[in-house]
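Observations on chain architecture
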Amino acid sequence: MEIVILRDAADVAEYVADCIERLVTARPDAVLGLATGSSPLGVYASLARRHRDAGLSFAQVRAFQLDEYIGLPPDHPESYRSFVARHFSDVVDIDPANVHVPDGCAADVTAACAAYEALMREAGGVDLQLLGIGADGHLGFNEPTSSLASRTRVKTLTEQTLLDNARFFGSIDEVPRHVVTQGIGTILEARHLVLIATGVAKAEPVARAVEGPLAAICPASALQLHPHATVVVDEAAASKLTLADYYRATFANKPSWQHS
Ligand code: F6R
(Lines give C-alpha, C1' and ligand atoms only; values in the text may rest on other atoms or scores of the structure.)
Protein backbone atom coordinates (compact mmCIF):
# COMPACT_ATOMS: atom_id res chain seq x y z
CA MET A 1 0.00 0.00 0.00
CA GLU A 2 1.25 3.46 -0.83
CA ILE A 3 0.41 6.28 1.59
CA VAL A 4 0.68 9.75 0.08
CA ILE A 5 0.51 12.58 2.62
CA LEU A 6 -0.12 16.01 1.12
CA ARG A 7 -0.59 19.44 2.65
CA ASP A 8 -4.31 19.96 2.24
CA ALA A 9 -7.51 18.88 0.50
CA ALA A 10 -6.70 20.95 -2.60
CA ASP A 11 -3.37 19.15 -3.09
CA VAL A 12 -5.08 15.79 -2.52
CA ALA A 13 -7.66 16.59 -5.22
CA GLU A 14 -5.00 17.63 -7.76
CA TYR A 15 -2.86 14.56 -7.06
CA VAL A 16 -5.77 12.16 -7.59
CA ALA A 17 -7.00 14.09 -10.66
CA ASP A 18 -3.45 13.73 -12.08
CA CYS A 19 -3.68 9.92 -11.61
CA ILE A 20 -7.01 9.85 -13.45
CA GLU A 21 -5.75 12.15 -16.21
CA ARG A 22 -2.72 9.88 -16.77
CA LEU A 23 -4.96 6.80 -16.95
CA VAL A 24 -7.53 8.32 -19.30
CA THR A 25 -4.81 9.77 -21.55
CA ALA A 26 -3.07 6.38 -21.81
CA ARG A 27 -6.32 4.46 -22.16
CA PRO A 28 -9.21 6.63 -23.41
CA ASP A 29 -11.76 3.83 -22.83
CA ALA A 30 -10.66 3.21 -19.22
CA VAL A 31 -13.21 2.00 -16.69
CA LEU A 32 -13.50 4.30 -13.66
CA GLY A 33 -15.07 3.38 -10.32
CA LEU A 34 -16.81 6.45 -8.91
CA ALA A 35 -17.46 7.29 -5.26
CA THR A 36 -19.83 9.86 -3.83
CA GLY A 37 -19.76 11.90 -0.60
CA SER A 38 -17.58 14.92 0.14
CA SER A 39 -14.19 13.27 -0.28
CA PRO A 40 -14.02 13.07 -4.11
CA LEU A 41 -15.67 16.46 -4.77
CA GLY A 42 -12.36 18.27 -5.30
CA VAL A 43 -11.24 15.56 -7.73
CA TYR A 44 -14.45 15.89 -9.78
CA ALA A 45 -14.10 19.69 -9.80
CA SER A 46 -10.50 19.40 -11.01
CA LEU A 47 -11.45 16.90 -13.74
CA ALA A 48 -14.27 19.20 -14.89
CA ARG A 49 -11.76 22.10 -15.07
CA ARG A 50 -9.27 19.98 -17.03
CA HIS A 51 -12.05 19.02 -19.45
CA ARG A 52 -13.19 22.61 -19.89
CA ASP A 53 -9.79 24.32 -20.05
CA ALA A 54 -7.49 21.66 -21.50
CA GLY A 55 -9.82 19.36 -23.43
CA LEU A 56 -9.31 16.29 -21.23
CA SER A 57 -11.85 13.91 -22.73
CA PHE A 58 -13.96 11.21 -21.10
CA ALA A 59 -15.92 10.49 -24.29
CA GLN A 60 -14.96 6.81 -24.32
CA VAL A 61 -14.69 6.29 -20.56
CA ARG A 62 -17.04 3.86 -18.85
CA ALA A 63 -17.91 4.27 -15.19
CA PHE A 64 -19.42 2.23 -12.39
CA GLN A 65 -20.64 3.84 -9.20
CA LEU A 66 -19.98 2.21 -5.86
CA ASP A 67 -23.36 2.42 -4.25
CA GLU A 68 -26.91 3.78 -4.21
CA TYR A 69 -29.70 4.30 -1.71
CA ILE A 70 -32.63 1.91 -1.86
CA GLY A 71 -35.98 3.51 -2.66
CA LEU A 72 -34.72 6.94 -3.78
CA PRO A 73 -35.83 7.54 -7.37
CA PRO A 74 -32.84 8.12 -9.68
CA ASP A 75 -33.85 11.78 -10.22
CA HIS A 76 -34.01 12.52 -6.46
CA PRO A 77 -31.36 15.23 -5.82
CA GLU A 78 -29.65 13.07 -3.16
CA SER A 79 -29.62 9.82 -5.13
CA TYR A 80 -26.05 8.87 -5.88
CA ARG A 81 -26.92 8.84 -9.59
CA SER A 82 -27.92 12.53 -9.32
CA PHE A 83 -24.85 13.30 -7.21
CA VAL A 84 -22.40 11.95 -9.79
CA ALA A 85 -24.34 13.55 -12.65
CA ARG A 86 -24.19 16.95 -10.91
CA HIS A 87 -20.51 16.83 -10.01
CA PHE A 88 -19.01 14.77 -12.83
CA SER A 89 -20.97 13.29 -15.72
CA ASP A 90 -22.99 16.41 -16.59
CA VAL A 91 -19.88 18.60 -16.58
CA VAL A 92 -17.55 16.46 -18.70
CA ASP A 93 -18.15 14.73 -22.04
CA ILE A 94 -18.73 11.19 -20.74
CA ASP A 95 -21.67 9.41 -22.42
CA PRO A 96 -24.38 9.23 -19.69
CA ALA A 97 -25.28 5.76 -21.01
CA ASN A 98 -21.81 4.64 -19.93
CA VAL A 99 -22.27 5.66 -16.29
CA HIS A 100 -23.70 2.72 -14.39
CA VAL A 101 -25.26 2.81 -10.93
CA PRO A 102 -26.52 -0.06 -8.77
CA ASP A 103 -30.32 -0.10 -9.07
CA GLY A 104 -31.84 0.80 -5.72
CA CYS A 105 -35.38 0.84 -7.10
CA ALA A 106 -35.43 -2.55 -8.85
CA ALA A 107 -38.39 -4.83 -8.16
CA ASP A 108 -35.87 -7.63 -7.66
CA VAL A 109 -32.85 -5.99 -6.06
CA THR A 110 -30.95 -9.27 -5.72
CA ALA A 111 -31.23 -9.93 -9.45
CA ALA A 112 -30.23 -6.30 -10.15
CA CYS A 113 -27.10 -6.75 -8.00
CA ALA A 114 -26.11 -9.87 -9.94
CA ALA A 115 -26.74 -8.03 -13.23
CA TYR A 116 -24.55 -5.14 -12.04
CA GLU A 117 -21.67 -7.49 -11.27
CA ALA A 118 -22.11 -9.11 -14.71
CA LEU A 119 -22.00 -5.69 -16.39
CA MET A 120 -18.76 -4.83 -14.56
CA ARG A 121 -17.23 -8.12 -15.70
CA GLU A 122 -18.34 -7.53 -19.31
CA ALA A 123 -16.67 -4.10 -19.22
CA GLY A 124 -13.42 -5.85 -18.27
CA GLY A 125 -13.41 -4.72 -14.64
CA VAL A 126 -12.56 -1.37 -13.08
CA ASP A 127 -9.17 0.20 -13.84
CA LEU A 128 -9.19 2.81 -11.07
CA GLN A 129 -11.63 2.80 -8.17
CA LEU A 130 -12.07 6.03 -6.21
CA LEU A 131 -12.95 5.45 -2.55
CA GLY A 132 -13.75 7.45 0.54
CA ILE A 133 -13.80 6.11 4.09
CA GLY A 134 -16.59 6.38 6.63
CA ALA A 135 -16.08 7.52 10.22
CA ASP A 136 -16.80 3.89 11.16
CA GLY A 137 -14.26 2.58 8.64
CA HIS A 138 -16.82 1.68 5.97
CA LEU A 139 -15.78 1.24 2.36
CA GLY A 140 -18.51 1.90 -0.19
CA PHE A 141 -21.48 1.20 2.06
CA ASN A 142 -19.89 -1.93 3.47
CA GLU A 143 -20.47 -1.24 7.13
CA PRO A 144 -18.38 -2.80 9.95
CA THR A 145 -18.54 -6.64 9.96
CA SER A 146 -19.26 -6.78 6.21
CA SER A 147 -17.71 -9.89 4.74
CA LEU A 148 -14.33 -9.16 3.19
CA ALA A 149 -15.45 -11.45 0.34
CA SER A 150 -18.84 -9.75 -0.18
CA ARG A 151 -20.31 -8.93 -3.58
CA THR A 152 -22.84 -6.26 -4.63
CA ARG A 153 -25.84 -6.56 -2.31
CA VAL A 154 -28.19 -4.79 0.09
CA LYS A 155 -26.80 -3.38 3.34
CA THR A 156 -28.30 -1.53 6.32
CA LEU A 157 -26.58 1.71 7.32
CA THR A 158 -25.29 2.17 10.87
CA GLU A 159 -26.57 5.00 13.07
CA GLN A 160 -23.19 6.70 12.61
CA THR A 161 -23.53 6.70 8.80
CA LEU A 162 -27.16 7.85 8.97
CA LEU A 163 -26.01 10.73 11.18
CA ASP A 164 -23.06 11.56 8.92
CA ASN A 165 -25.23 11.58 5.79
CA ALA A 166 -28.09 13.55 7.37
CA ARG A 167 -26.24 16.70 6.24
CA PHE A 168 -27.24 15.94 2.66
CA PHE A 169 -30.93 15.51 3.59
CA GLY A 170 -33.32 17.58 5.70
CA SER A 171 -32.92 15.33 8.75
CA ILE A 172 -31.65 11.91 9.79
CA ASP A 173 -35.17 10.51 9.30
CA GLU A 174 -34.98 11.25 5.58
CA VAL A 175 -31.77 9.26 5.03
CA PRO A 176 -32.71 5.87 3.56
CA ARG A 177 -31.63 3.08 5.92
CA HIS A 178 -30.96 0.60 3.16
CA VAL A 179 -28.50 0.77 0.31
CA VAL A 180 -27.06 -1.32 -2.50
CA THR A 181 -23.28 -1.38 -2.49
CA GLN A 182 -20.51 -3.09 -4.36
CA GLY A 183 -19.12 -5.68 -1.97
CA ILE A 184 -15.60 -5.62 -0.59
CA GLY A 185 -14.74 -8.59 -2.80
CA THR A 186 -16.08 -6.61 -5.77
CA ILE A 187 -14.05 -3.50 -4.88
CA LEU A 188 -10.87 -5.56 -4.41
CA GLU A 189 -11.09 -6.69 -8.06
CA ALA A 190 -10.45 -3.17 -9.36
CA ARG A 191 -6.89 -2.90 -10.68
CA HIS A 192 -6.02 0.25 -8.70
CA LEU A 193 -7.74 1.44 -5.52
CA VAL A 194 -7.38 5.12 -4.63
CA LEU A 195 -8.74 6.09 -1.23
CA ILE A 196 -9.12 9.79 -0.45
CA ALA A 197 -9.44 11.12 3.09
CA THR A 198 -9.15 14.68 4.33
CA GLY A 199 -9.77 16.42 7.62
CA VAL A 200 -9.10 15.44 11.21
CA ALA A 201 -12.38 13.48 11.51
CA LYS A 202 -10.87 10.91 9.15
CA ALA A 203 -7.59 10.51 11.11
CA GLU A 204 -8.81 7.64 13.28
CA PRO A 205 -10.51 5.54 10.55
CA VAL A 206 -7.50 6.07 8.26
CA ALA A 207 -5.10 4.86 10.96
CA ARG A 208 -7.28 1.80 11.60
CA ALA A 209 -7.52 1.01 7.89
CA VAL A 210 -3.83 1.45 7.14
CA GLU A 211 -2.11 0.34 10.34
CA GLY A 212 -4.73 -1.62 12.24
CA PRO A 213 -5.36 -5.33 11.87
CA LEU A 214 -7.07 -6.63 8.76
CA ALA A 215 -10.56 -7.14 10.14
CA ALA A 216 -14.18 -6.90 9.01
CA ILE A 217 -14.85 -4.51 11.91
CA CYS A 218 -12.91 -1.96 9.82
CA PRO A 219 -13.94 -2.73 6.22
CA ALA A 220 -11.41 -0.27 4.75
CA SER A 221 -8.61 -2.42 6.22
CA ALA A 222 -9.35 -4.70 3.24
CA LEU A 223 -7.10 -2.36 1.25
CA GLN A 224 -4.24 -4.22 2.93
CA LEU A 225 -5.13 -7.21 0.73
CA HIS A 226 -4.82 -5.28 -2.52
CA PRO A 227 -1.58 -5.31 -4.56
CA HIS A 228 -2.09 -1.72 -5.82
CA ALA A 229 -3.79 0.50 -3.28
CA THR A 230 -2.99 4.19 -2.84
CA VAL A 231 -4.21 6.14 0.18
CA VAL A 232 -4.07 9.88 -0.45
CA VAL A 233 -4.56 11.99 2.67
CA ASP A 234 -3.98 15.51 3.87
CA GLU A 235 -1.91 16.28 6.98
CA ALA A 236 -5.02 16.33 9.20
CA ALA A 237 -6.22 12.89 8.09
CA ALA A 238 -2.66 11.56 8.46
CA SER A 239 -2.32 12.86 12.01
CA LYS A 240 -2.86 9.48 13.72
CA LEU A 241 -0.57 7.43 11.48
CA THR A 242 2.27 5.96 13.54
CA LEU A 243 4.58 5.60 10.54
CA ALA A 244 3.76 8.96 8.91
CA ASP A 245 7.44 9.94 8.64
CA TYR A 246 8.23 6.68 6.86
CA TYR A 247 5.40 7.28 4.35
CA ARG A 248 6.63 10.83 3.72
CA ALA A 249 10.22 9.65 3.17
CA THR A 250 9.06 6.83 0.89
CA PHE A 251 7.04 9.21 -1.24
CA ALA A 252 9.80 11.84 -1.35
CA ASN A 253 12.27 9.19 -2.55
CA LYS A 254 9.95 7.40 -4.94
CA PRO A 255 11.89 6.19 -7.98
CA SER A 256 10.77 7.86 -11.19
CA TRP A 257 10.13 4.48 -12.83
CA GLN A 258 7.56 3.47 -10.25
CA HIS A 259 3.93 3.87 -11.33
CA SER A 260 1.52 6.00 -9.33
C1 F6R B 1 -19.68 6.96 -1.18
C2 F6R B 1 -19.32 5.92 -0.26
C3 F6R B 1 -18.91 6.16 1.15
C4 F6R B 1 -18.17 7.46 1.39
C5 F6R B 1 -17.85 7.63 2.87
C6 F6R B 1 -17.15 8.93 3.15
O7 F6R B 1 -19.97 6.44 -2.47
O8 F6R B 1 -19.36 4.84 -0.68
O9 F6R B 1 -18.07 5.10 1.54
O10 F6R B 1 -16.99 7.48 0.64
O11 F6R B 1 -19.04 7.59 3.58
O12 F6R B 1 -18.03 9.98 2.90
P13 F6R B 1 -17.50 11.48 2.87
O14 F6R B 1 -16.57 11.54 1.72
O15 F6R B 1 -18.74 12.29 2.63
O16 F6R B 1 -16.85 11.74 4.16
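Our subject is the structure that appears above.
Heads up: these notes are all about the structure in this document. As the structure is a prediction and not an experimental result, all values here were calculated from the model.

1. Some thoughts on the environment of Ala9
Within the secondary structure, Ala9 sits in helix H1 (residues 9-26). Taking the relative accessible area as the measure of exposure, Ala9 reaches 39% and is therefore partly exposed. Linking Ala9 and Ala237, residues 228 residues apart in sequence, is a C-alpha distance of 9.8 Å. Excluding residues that lie within four positions of it along the chain, Ala9 makes contacts with Thr198 and Asp234.

2. A closer look at the site of the ligand
In the vicinity of the ligand lie 14 residues, with Ser39, Asp67, His138, Gly140 and Lys202 positioned nearest. Within the side chain of Lys202, a nitrogen or oxygen atom sits 2.5 Å from an oxygen atom of the ligand. Surface burial for the ligand is 93%, taken as the share of its 410 Å² of free accessible area covered by protein chains. Per-class residue counts for the shell around the ligand are 3 nonpolar, 8 polar and 3 charged.

3. Details of the sheet that holds strand E8 (residues 178-181)
Pairing is antiparallel in the open sheet, where 3 strands are placed in the order E4-E8-E7. Both outer strands of the open sheet, strand E4 (67-69) and strand E7 (153-156), are each paired with one neighbouring strand and no more. Put simply, the sheet's adjacent strands are angled 30° from each other on average, direction ignored. Here 4 bridges tie E7 to E8, and the two strands are oriented antiparallel to one another. Bridge pairing links Thr156 to His178 in E8.

4. Some remarks on the pairing of E8
Sheet topology places E4 next to E8; 3 bridges connect them, and they run antiparallel. Directly across from Asp67, in E8, lies its bridge partner Thr181.

5. With respect to the packing of H1 against helix H2 (residues 41-54)
A pair of packed helices is characterised by two quantities: the angle between their axes and the separation of those axes. Here H1 crosses H2 at 55°, and the two axes come no closer than 8 Å. If you check the angle between H1 and H2, you find them oblique. Along this stretch, H1 crosses H2, giving a crossing that reads as right-handed. Judged by residue contacts, Ala13, Glu14, Val16, Ala17, Asp18, Ile20 and Glu21 of H1 engage Gly42, Val43, Ser46, Leu47, Arg49 and Arg50 from H2. Partitioned by chemical class, the residues of the contact of H1 with H2 number 6 nonpolar, 2 polar and 5 charged.

6. A look at the nonpolar core
Grouped together as the largest cluster of nonpolar side chains are 75 residues, with contacts concentrated most on Ile20, Phe58, Tyr69, Phe88, Leu130 and Leu241. Discounting residues that sit within four places of it in the chain, Ile20 has contacts with Leu32, Val43, Leu47, Phe58, Leu128 and Leu130.

Parameters and conventions
Residues numbered from 1 in each chain as written. Predicted model: local features only at pLDDT ≥ 70, side-chain atom pairs only at ≥ 80, totals over all residues. Heavy atoms only, no water. Helix = DSSP H or I, 4+ residues; strand = E, 2+ residues; numbered from the N terminus. Buried < 20%, exposed > 50% of the residue type's maximum accessible area, 1.4 Å probe, protein only. Contact = heavy atoms within 4.5 Å. Near = heavy atom within 4 Å. Polar contact = N/O pair within 3.5 Å; in protein donor to acceptor, adjacent residues only side chain to side chain. Areas by Shrake-Rupley, 256 points an atom, 1.4 Å probe, with all protein chains shown as cover. Nonpolar A, V, L, I, M, F, W, Y, C, P; charged D, E, K, R; others polar. Pairing = 2+ DSSP bridges. Axes fitted to C-alpha atoms, helices over the stretch in contact; angles between N-to-C directions. Parallel < 35°, antiparallel > 145°, perpendicular 65-115°, else oblique. Left-handed = near helix turned anticlockwise from the far one by under 90°. Core = buried A, V, L, I, M, F, W, Y, C linked by side-chain atoms within 4.5 Å.

Functional significance is not addressed by these values, which are geometric in nature.
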